Amino acid sequence: MANLYTDFIGIKSPNPFWLASAPPTDKEVNVRRAFEAGWGGVVWKTLGSEGPPVVNVNGPRYGAIWGADRRLLGLNNIELITDRPLEINLREIKSVKRDYKDRAMIISLMVPCDEDSWRDILGHLEDTEADGVELNFGCPHGMAERGMGGAVGQVPEYIEMVTRWCKKHTRMPVIVKLTPNITDIRKPAEAAKRGGADAVSLINTINSITSVNLDSFAPEPMIDGKGTHGGYCGPAVKPIALNMVAEIARSRETYGLPISGIGGITTWRDAAEFMALGAGNVQVCTAAMTYGFKIVQEMISGLSQYMDEKGMVSTSELVGRAVPNVTDWQYLNLNYVTKAHISQDDCIKCGRCYAACEDTSHQAIAMGQDRTFTVKDDECVACNLCVNVCPVENCITMVELPKGAMDERTGRIVSGYANWTTHVNNPTATAAE
Amino acid sequence: MSNSPLTPGIVPDRLPSAAYARNFADVQPVFDRHEARVAADRCYFCFDAPCMTACPTSIDIPLFIRQISTGTAEAAAKTIFAQNILGGMCARVCPTEQLCEEVCVREVAEGKPVEIGRLQRFATDTLMAKGVHPFTRAAPTGKKVAVIGAGPAGLACAHRLAMKGHEVVIYERRAKPGGLNEYGIATYKTPNDFAQAEVNWLLKIGGISVLTGVELGRDVTLPDLQSEYDAVFLGIGLAGVNALRAAGEDLSGVRNAVDFIAELRQSDKMAVPVGRDVVVIGGGMTAVDAAVQSKLLGANSVTMVYRRGKDKMSASEYEQDHATQSGVRIIYNAAPVRVLGDTAVAGVEFAYTVEGAGGLELSQETFTLNADQVLKAIGQTLGAAPLAKDGSKLVLRQGMIWAGGDCAAGGEDLTVTAVAEGRDAAEAMHLALMA
């Protein structure tokens, strides 16, 4: 069986599955249960400065969206950082780490944006034997109003400055956790790198309102008739997170910067996708909050099976494998021509492809006698919508036209690679030599 | 319980009293909200959906299921009722496995259709539980229409006519309106007096009066009605019952299944007498309803005998399975030769049948079933009715007289077909009345 042992910026863990800094990692009792269940590491729930801890609301902290069988698709929260005293957290971290030396123990931090605050909190950690720190520049609610969390993460200069302070005042590896609530994720990642960060982790939660109560006319979760925006996470955010991870992984400025992938990871497959896009390990929260810590067992067995099937012996063989294949639109091969093909054996005649194509796309599907649906090759632009709306997996497939064949839609012969940069319609095209 | 399943003869009270309530309870309880959401999520919202085409009343099934899935069961119900005002009863009694659910693409693909019937019941029950009637009458037209028969065809016709602003009087020969919904369907399919509740709800449209205990031909005549009304609708059902044409048919203990079912529906179940050994002859829904309910009343053995094979049986496979799971034995390919007994029935002699050149033939192979009750369910006929030509059903329109439901030619003898015909007749009558 594949070995899932992972070395992430010198932090060792028996598998690449860490619990993200969040409610599941707020207390010793939870973290011990997580390690017993098999998690490779935890990022302890964010600690704040010494002194009176923050307080949380006493009404609902979470909002959600669901699929039809109440499958949780997305969760948002308005919980703040830990509301327990600093010394209790530190004592518990030390206690757990002592008993689980093989697991990764990372401490998430969020303190005011001055060097003294960061030096002080880092000083408190020396004794815990934790493996690293994660700077929480992400949470978009509550703490951001006080100039912390997401408020720092949205200003690359602050990220660089704080990261530099942290590298100066601790010998531990520093992971900078990024907020997705920004236009270009590469900028904060570059700032973290300039500040000396050992790694970035992303994404933190996305600013969101999950739903509006149509009787009370207020956002959910509702606190005494009012609501506020919260941080969105869970399966629904995965595509956004994947793109942000890939952007950092393939950017010239941040290439090679270690990434801890976060965002809706629910199964081994989600984790493998993040890793293929460059994440050295992954962090999980919502899936654990939905199903409990036991889910890590499926992640471990699934990733092992996949790696065995691919002949991979180490997770390092998976990490970044898909990065070279992430490119810009302008480099996509415009001479790659496919046509949708409907397998009549698999078709159940629901007609959704027809409705989608006829109403909203290119009128490229014909509906014949006895509800037989066929693709009109002279109209099909290969948009893939029919594939995506078909309820039967692999019933509709995209078939590539071989070189030399004629595309019936355009009347052109399929030729070799050519992209937009040299296309005749492109006013800024560079002349092909 | 003064008797037991083993007590000889046709007697009531064969079971402990609690068993009756249990046996005649809702055979398939309504979905709760979550079940409905999950079931609705399975619908693919097909283009030009096959289920909709298969429905005799052309209910927009994908639309009403989508309305359920977005938490608006009341809107879903209105979608249903707009096509089929008896959508509540149809949700309970339609052979969906032979109609919408049979052609559901998920039935074709995976053998598990979207549960359209149960979803329809969820929607219609939700709206009806609120006591809301979703339609309003158009301004009065001054036209008067007589509807003969308060069964599904007559009720659907009357409702649609009333909606259009016409004044409707329904004449019903029985004591209660509802027709077969009230007198002809197994109790467990429509418990809690649903048939009457549905009629009362339907009548909220206004403009309809119902006269019960009035029989066409006895109390009123067609010429009377023609002179009094602008148009007449005949939804008189099938009053006649086919005979066995076997010796001994007149022995006591031999009875029409439709009468047995009607008595059951109107009685305290514990008081309904049933045989120890019941033989039901026939292969339709009436036969199944009679056989299953005999068993539920405590008969010790119930056997359904059908003269052709399983695949020819008009009761669906689902109904047949329901019968056998209820403890009914089904014998195929056998026909009665004679009913045995002195004054009361003691048994029935059957011969196995074979498909011969000239149709079904009796073979020399015979067998006898013990029976102290025999229920005949071998089909119904129009009998003597106004405008009826010998042996055939009524044509849909003759002058300002329309016909629909089981008594009329065309379509299968199903509740849902009767509703469609009643509704469509009303639309045609409206055009004729306003011309």
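Rules behind the numbers
- Residues numbered from 1 in each chain as written.
- Chains lettered and ligands numbered in written order.
- Predicted model: local features only at pLDDT ≥ 70, side-chain atom pairs only at ≥ 80, totals over all residues.
- Helix = DSSP H or I, 4+ residues; strand = E, 2+ residues; numbered from the N terminus.
- Rg over C-alpha atoms; globule rule 2.2 N^0.38 Å.
- Buried ≥ 20, exposed ≤ 12 C-beta atoms within 10 Å, placed from the backbone.
- Contact = placed C-beta atoms within 7 Å.
- Pairing = 2+ DSSP bridges.
- Axes fitted to C-alpha atoms, helices over the stretch in contact; angles between N-to-C directions.
- Nonpolar A, V, L, I, M, F, W, Y, C, P; charged D, E, K, R; others polar.
- Core = buried A, V, L, I, M, F, W, Y, C linked by C-beta atoms within 7 Å.
- Domains from an automatic or database assignment.
- Left-handed = near helix turned anticlockwise from the far one by under 90°.
- Parallel < 35°, antiparallel > 145°, perpendicular 65-115°, else oblique.
- Expected span 1.5 Å × (residues − 1).
- Right-handed = clockwise from strand over helix to strand, strands pointing away.
- pLDDT = per-residue confidence, 0-100.

A. Representation of the overall build of chain A in the model. When helices and strands are tallied, chain A shows 12 helices and 22 strands. Taking 2.2 N^0.38 as the reference for a compact globule, 433 residues should give roughly 22 Å; the C-alpha atoms of chain A span a radius of gyration of 25 Å, in line with that estimate. Taken along the three principal axes of its C-alpha coordinates, chain A extends 75 × 60 × 50 Å. Buried residues in chain A amount to 45% of all 433 residues. Counted over contacts in chain A with a minimum sequence separation of 6, partners at least 24 positions apart contribute 70%.

B. Representation of the overall build of chain B. When helices and strands are counted, chain B shows 17 helices and 16 strands. For chain B, the C-alpha radius of gyration of 22 Å lies close to 22 Å, the compact-globule estimate for 435 residues. Oriented by its inertia axes, the alpha-carbon framework of chain B measures out at about 65 × 55 × 50 Å. Taking all 435 residues of chain B together, the buried fraction comes to 50%. Excluding contacts between residues fewer than 6 apart, the proportion of contacts in chain B whose partners are at least 24 apart in sequence is 71%.

C. A look at the sheet that holds strand E15 (residues 259-262) of chain A. All names here are of chain A. Strand order in the closed barrel made by the eight strands is E3-E4-E7-E8-E9-E10-E15-E16, with parallel pairing throughout. Averaged over all pairs of adjacent strands, the angle between their axes in this sheet comes to 25 degrees, without regard to strand direction. Alignment of strand E3 (residues 17-19) against strand E4 (residues 41-47), held across two bridges, turns out to be parallel. Opposite Leu19, over in E4, you have Val42 as the bridge partner.

D. Examining the interface of chain A and chain B more closely. Taken together, the 10 residues of chain A in the interface contact 11 residues of chain B. Within the side of chain A that touches chain B, the residues separate by chemical class into six nonpolar, one polar and three charged.

E. Structural view of the sheet that holds strand E3 (residues 208-212) of chain B. All names here are of chain B. If you walk across this open sheet you meet the six strands as E3-E2-E1-E4-E16-E15, and the pairing is mixed. Because the sheet does not close on itself, it has two edges, and the strands there are E3 and strand E15 (397-398). Where strand E1 (residues 144-148) meets strand E2 (residues 167-172), five bridges bridge the pair, whose relative direction is parallel. Bridging across to E2, Ile148 finds its partner in Tyr171. Its contacts with the sheet put helix H17 (residues 415-434) on E1, strand E4 (231-234), E15 and strand E16 (401-403), and the angle it makes with E4 is roughly 170 degrees.

F. Representation of the nonpolar core in the model. One finds Ile61, Ile68, Ala123, Phe233, Val280 and Ala291 of chain B to be the most contacted residues of the largest nonpolar core, which totals 151 residues. Look past the residues within four positions of Ile61 of chain B in its chain and what remains in contact with it is Ala49, Cys51, Met52, Cys55, Cys100 and Ile116 of chain B. Counting 96 residues, the second-largest nonpolar core is a separate cluster that includes Val31, Met148, Met172 and Ala279 of chain A.

G. Fine view of unusual backbone geometry. Residues and elements named next belong to chain A. Cis geometry marks the peptide bond from Leu202 to Ile203, where omega comes out at 10 degrees. Its location among the elements puts Ile203 in the loop between strand E10 (199-202) and strand E11 (206-208). For the bond from Glu220 to Pro221, the omega torsion is -5 degrees, close enough to zero to count as cis. Tracing the sequence through the fold places Pro221 in the loop between strand E13 (218-220) and strand E14 (230-233).

H. Fine view of the domain arrangement of chain A. Along its sequence, chain A is organised into domain 1 (6-325) and domain 2 (330-422). Between domain 1 of chain A and domain 2 of chain A, the C-alpha centre-to-centre distance is 41 Å.

I. Quick look at the pairing of E4 of chain A. Residues and elements named next belong to chain A. The element E4 is largely enclosed, with a buried count of seven among its seven residues. Where E4 lies against strand E7 (residues 104-109), five bridges are found, and the strand directions are parallel. Opposite Val43, over in E7, you have Ile106 as the bridge partner.

J. The arrangement of the domain arrangement of chain B in detail. Residues and elements named next belong to chain B. What the domain assignment reports for chain B is domain 1 (33-129), domain 2 (144-239 + 382-434) and domain 3 (243-379). Domain 1 puts 12 residues into the contact, and the matching count from domain 2 is 19 residues. It is helix H6 (residues 87-93) that contributes the most residues to the side of domain 1 that touches domain 2, five residues altogether. Partitioned by chemical class, the residues of the side of domain 1 that touches domain 2 number eight nonpolar, three polar and one charged.

K. Structural context of helix H11 (residues 352-360) of chain A. Burial in H11 of chain A covers these residues: Arg352, Cys353, Tyr354 and Cys357 of chain A. Where the residues of H11 of chain A are buried, they touch strand E17 (338-342), strand E18 (365-367), strand E19 (373-375), helix H12 (385-389) and strand E20 (396-400) of chain A.

L. Representation of the packing of helix H10 (residues 152-163) of chain B against H17 of chain B. Residue and element names in this part refer to chain B. The interhelical angle for the contact between H10 and H17, taken along N-to-C directions, is 35 degrees, at an axis separation of 7 Å. Two packed elements cross with a definite hand, and for H10 against H17 that hand is right-handed. Of H17, the residues touching H10 (which contributes Pro152, Ala153, Gly154, Leu155, Ala156, Cys157, Arg160 and Leu161) are Thr415, Ala418, Val419, Glu421, Gly422, Arg423, Ala425, Ala426, Glu427, Met429 and His430. Classifying every residue of the contact of H10 with H17 by side-chain character gives 11 nonpolar, four polar and four charged.

M. Summary view of the environment of Gly253 of chain B. For Gly253 of chain B, the location among the structural elements is in the loop between strand E5 (240-241) and strand E6 (254-256). Excluding residues within four positions of it along the chain, Gly253 of chain B makes contact with Ile10, Gly275, Ala344, Val345, Asp372, Gln373 and Val374 of chain B.

N. Structural context of the packing of helix H3 (residues 115-125) of chain A against helix H5 (residues 156-169) of chain A. All names here are of chain A. Following both chains from N to C, one finds H3 and H5 inclined at 40 degrees, their axes separated by 9 Å at the closest point. Classed by the angle they form, the pair H3 and H5 counts as oblique. At the point where H3 passes H5, the crossing takes the right-handed sense. Taking contact as the criterion, the partners of Glu115, Trp118, Arg119 and Leu122 in H3 are, on H5, Val162, Trp165, Cys166 and His169. Tallied by class, the residues present in the contact of H3 with H5 amount to five nonpolar, one polar and two charged.

O. Expanded view of H5 of chain A. All names here are of chain A. An ideal rise of 1.5 Å per residue puts 20 Å on 14 residues; H5 measures up with 20 Å between its terminal C-alpha atoms. By the burial criterion, the buried members of H5 are Pro156, Ile159, Glu160, Val162, Thr163, Trp165 and Cys166. Against H3, strand E8 (132-136), helix H4 (150-153), strand E9 (174-177) and helix H6 (186-195) lie the buried residues of H5.

P. Seen up close, the pairing of E1 of chain B. Residue and element names in this part refer to chain B. Burial within E1 is extensive, with four of its five residues counted as buried. For the crossover that starts at E1, traverses H10 and ends in the parallel E2, the hand is right-handed. As paired elements, E1 and E4 share four bridges and run parallel to each other. Looking across to E4, one finds that Ala146 is bridged to Val232.

Q. Quick peek at the confidence of the model for chain B. Per-residue confidence for chain B averages 95 on the pLDDT scale, and 100% of its residues sit at or above 70. On the interface metric, ipTM, the complex scores 0.86, and its pTM is 0.91.

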